[in-house]
Amino acid sequence: MRNIAVVGTGYVGLCTAATFAHAGNRVVGVDVDAEKIARLTAGESPIFEPGLAQLLREHWRTGRLAFTTDYADAIPAADFVFICVDTPTGANGGADLHHVRAAAGSIARALDPGHRTIVIDKSTMPVGSGEAIAAILHEASRADAPFAVVSNPEFLREGSALHDAFHPDRVVIGSGDPAVTAAVAALYEPFGAPIYRTSLRAAEMIKYASNAMLATRISFMSEIAHICDGLGVDVREVATGMGMDTRIGPQFLKAGIGFGGSCFPKDVKALAFMAEEAEYTPQLLHAVLEINREARRSFVRKISHLVGDIEGATIAVWGLAFKPDTDDLREAPSLDIIRDLLSRGATVRAFDPVAMEAARRVLPEVVYCADLYQAATGADAVALITEWDTFRALDFALVRSVMRGQVFVDGRNQFDPTAMAALGFTYRGVGVSLVQVASLADAGVPVPAPVSV
Ligand SMILES: NC(=O)c1ccc[n+]([C@@H]2O[C@H](COP(=O)([O-])OP(=O)(O)OC[C@H]3O[C@@H](n4cnc5c(N)ncnc54)[C@H](O)[C@@H]3O)[C@@H](O)[C@H]2O)c1
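Residues numbered from 1 in each chain as written. Predicted model: local features only at pLDDT ≥ 70, side-chain atom pairs only at ≥ 80, totals over all residues.

1. Digging into the domain arrangement of the protein chain
Moving on, step 1. When cut into domains, the protein chain gives domain 1 (3-198) and domain 2 (211-439).
Moving on, step 2. Here the C-alpha centre of domain 2 lies 34 Å away from the C-alpha centre of domain 1.
Moving on, step 3. Across the boundary between the two partners, domain 1 contributes 15 residues, which contact 16 residues of domain 2.
Moving on, step 4. Its residues assigned to classes, the side of domain 1 that touches domain 2 comprises 7 nonpolar, 6 polar and 2 charged. (Domains from an automatic or database assignment. Contact = placed C-beta atoms within 7 Å. Nonpolar A, V, L, I, M, F, W, Y, C, P; charged D, E, K, R; others polar.)

2. As for unusual backbone geometry
Moving on, step 1. Even without a glycine there, the phi angle at Asp 325 is positive, about 65°.
Moving on, step 2. With respect to the helices and strands, Asp 325 occurs in the loop between strand 9 (314-318) and helix 12 (333-343).
Moving on, step 3. Take Asp 325: there are 19 C-beta atoms within 10 Å of it, and that puts it in the partly exposed class.
Moving on, step 4. Of note, Glu 331 is a non-glycine position whose phi angle comes to about 55°, a positive value.
Moving on, step 5. Residue placement: Glu 331 occurs in the loop between strand 9 and helix 12. (Helix = DSSP H or I, 4+ residues; strand = E, 2+ residues; numbered from the N terminus. Buried ≥ 20, exposed ≤ 12 C-beta atoms within 10 Å, placed from the backbone.)

3. Let's talk about the pairing of strand 5 (residues 117-121)
Moving on, step 1. In terms of residue burial, strand 5 counts as a mostly covered element, since 5 of its 5 residues are buried.
Moving on, step 2. The alternating pattern of strand 5 places Thr 117, Val 119 and Asp 121 and Ile 118 and Ile 120 on opposite faces, both of which are buried.
Moving on, step 3. For the crossover from strand 4 (residues 80-83) across helix 4 (residues 98-110) to strand 5, the handedness is right-handed.
Moving on, step 4. Relative to strand 6 (residues 147-151), strand 5 runs parallel, the two being bridged by 5 bridges. Along strand 6, the bridge assignment pairs Asp 121 with Ser 151.
Moving on, step 5. Crossover connection from strand 5 via helix 5 (residues 129-140) to parallel strand 6: handedness right-handed. (Right-handed = clockwise from strand over helix to strand, strands pointing away. Pairing = 2+ DSSP bridges.)

Okay, structure coming up:
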């Protein structure tokens, strides 16, 4: 049993704390948010993440997990300190590290000079942050308490965060000291994942490059979807055919309204900022971000085009969270899309299984509904934004009957266009419409000629 402190008890910190407690360690979570700590101390999870509340309660009972606002209760006894605080986008587009610096200062002041503490950067931090944290620890620690700093980026996905934390594809550990790397690797032994040992800076870069790669695939498919729309091709068939190539693989090829959440947008922006700082113009990263913004704008244009006049129209928005199985609204496409609809004079009626409480705080003008049917009542169009599983098994005849109009715009290509048309909907997906080449030709619409080879 090792003593671990986890600084920052958000999505990453709580999953880190719960999984290491489950692996048999004694873990204390520290946060500056007293309300969050009060809820955690009362055995309640402040966030929605499948399985997390149960796991927190289990280890609250085993006594292996505790929470505090006081660094002095957590740091002196800890052999390992994970930094899991938020690193949001700063005013210049780069990562804002003021939470990281504050956390490092507080850790430094509480370090016990009697033993070496390994401080592990799990937050996503720009290249060079590990060295900056070491400098803060060195300056602010009492009596030169011995410490080491390691970069160990987190790759979990909200919605399956616990599964990912227990079964990581790989654990990246960046440090200049093989003994320190070995100590951190031993901590991860119960999870049986491959360990990749790197330099500190390479570990920091691996995290940014990985997120940028995934975001690029999403924006790439948004671009292909637009081209498919113009050429009467179903992008889902294209994605399946592409994904069968082992060099490409099937993951992250689903076209839709792009990416959101607390990581991809901010990490791509931060990487672009790092590139500019290093005097390189990251053209691809800028394009990835712009295509993502355009995916949201073109979704609203599609609704507007189908509804006729958006001013005075009622639009039902199904799903608010940036992805299913989370209540996280950070950079969610729903926010931009709803703001755009409202600014054009629409009334928005929305439903989400878990994110409505958070949405009410940022979008008070929206009519929040008890379920999908209530949201669709009187609507000219339904816009599906988050592909919650519970949205699949629906009584679509009832949905159709309570609506004023018949437009269904599917931002996640969740439904079958033919079946939706048979139910009487005017259905459009993203790169998927009923108007494929054959029907275009049947309708006498000019179809681009096949390219001669
Ligand atoms: N959310 C994800 O899916 C995910 C995945 C991988 C990596 N990350 C990275 O992990 C980091 C944390 O992300 P998150 O989503 O868990 O953030 P979060 O906003 O959910 O949680 C951060 C927590 O840190 C606390 N905090 C801030 N300053 C503090 C301080 N000085 N001392 C103690 N606590 C402090 C906040 O009160 C908050 O509870 C970020 O760098 C993020 O990019 C997130």
